[in-house]
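# Structural overview
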Amino acid sequence: MFSGSQIVAELQGMGITHVVWLPDSTLGQWEEALSSSSAIKLVRVCREGEAWAVAMGLQLGGARPLVMIQCTGLFESGDSLRNAIYDFGIPLFAIVGYRSALIANASDSARTFTEPNLKSWGLDYRLIDSPEKLAELASHYAACRQAQRPGVALIAEGRM
């Protein structure tokens, strides 16, 4: 839905210094633009659970990191997310690829459980499911940062 250069421009405008990620097939298309950005450092992790811990360390060190994973990785990384956000109280922000969200009548269970999972964690999220909603990424990030609360931007994946 968005090109790598569009995402990099948004993240630079938000003041993001690091993207901590494990790409999927959709978000992975942004890798070239992210890795060639001089303003954003791309930090690759082996498991999604590592992303929250790395982002927490970066934020404690004064950086402005963003976690970028797919919804299935969100499921996998719940304990690390809980620890960083609730036990340590670090208001991290993430972009989460929402697998199959744009596929009508998809039977993908990731689609079934993504939003309920975010709600169960008490995470403030915005669904970005059309190109016109890209600006909501920056406004939601700014609101979460102002309120010192964690947040998520769900980027819908699949065909429109």
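Residues numbered from 1 in each chain as written. Predicted model: local features only at pLDDT ≥ 70, side-chain atom pairs only at ≥ 80, totals over all residues. Heavy atoms only, no water.

## Some words on the sheet that holds strand β1 (residues 18-21)
Adjacent strands of a sheet form backbone hydrogen bonds with each other and so pair up, either parallel or antiparallel. Sheet architecture is open: 6 strands sit in the order β2-β1-β3-β4-β6-β5, paired in parallel fashion. For this open sheet the edge positions go to β2 (41-44) and β5 (124-128), each flanked by a neighbour on one side alone. Mean inter-strand twist for the sheet, computed between neighbouring axes without regard to direction, equals 20 degrees. Relative to strand β6 (residues 151-156), β5 runs parallel, the two being bridged by 5 bridges. Counterpart to Asp-124 in the pairing with β6 is Gly-151. Set on the sheet, helix α7 (residues 135-147) makes contact with β4 (93-98), β5 and β6; between it and β5 the angle comes to about 175 degrees. (Pairing = 2+ DSSP bridges. Helix = DSSP H or I, 4+ residues; strand = E, 2+ residues; numbered from the N terminus. Axes fitted to C-alpha atoms, helices over the stretch in contact; angles between N-to-C directions. Contact = heavy atoms within 4.5 Å.)

## Points about the pairing of β1
Of the two faces of β1, the one lined by His-18 and Val-20 and the one lined by Val-19 and Trp-21 are each fully buried. Taken together, the 4 bridges between β1 and β2 define a ladder with parallel strand orientation. Each bridged residue has a counterpart across the sheet, and for His-18 the counterpart in β2 is Lys-41. Of the strand pairs in this sheet, β1 and strand β3 (residues 65-70) are connected by 4 bridges, and their pairing is parallel. Bridging across to β3, Val-19 finds its partner in Leu-66. (Buried < 20%, exposed > 50% of the residue type's maximum accessible area, 1.4 Å probe, protein only.)

## Observations regarding the pairing of β3
Of all 6 residues making up β3, 6 are buried, and the element is well covered by its neighbours. In β3, alternate side chains face the same way, and those of Pro-65, Val-67 and Ile-69 on one face and Leu-66, Met-68 and Gln-70 on the other are all buried. Two strands pair when backbone bridges link them, and β3 and β4 are joined in this way by 4 bridges, in the parallel orientation. By the bridge assignment for β4, Ile-69 is matched with Val-96.

## What to know about the packing of helix α3 (residues 48-60) against helix α5 (residues 78-87)
Two numbers describe how α3 lies on α5: the axes approach to 7 Å, and their chain directions differ by 20 degrees. When the interaxial angle is binned, α3 and α5 end up roughly parallel. Note that α3 runs across α5; the crossing there is left-handed. Side by side, α3 and α5 meet where Gly-49, Trp-52, Ala-53 and Met-56 of the first sit next to Ser-80, Leu-81, Ala-84 and Ile-85 of the second. Across the contact of α3 with α5, the residue classes break down as 6 nonpolar, 2 polar and no charged. (Parallel < 35°, antiparallel > 145°, perpendicular 65-115°, else oblique. Left-handed = near helix turned anticlockwise from the far one by under 90°. Nonpolar A, V, L, I, M, F, W, Y, C, P; charged D, E, K, R; others polar.)

Distances and angles like these do not, on their own, reveal function.
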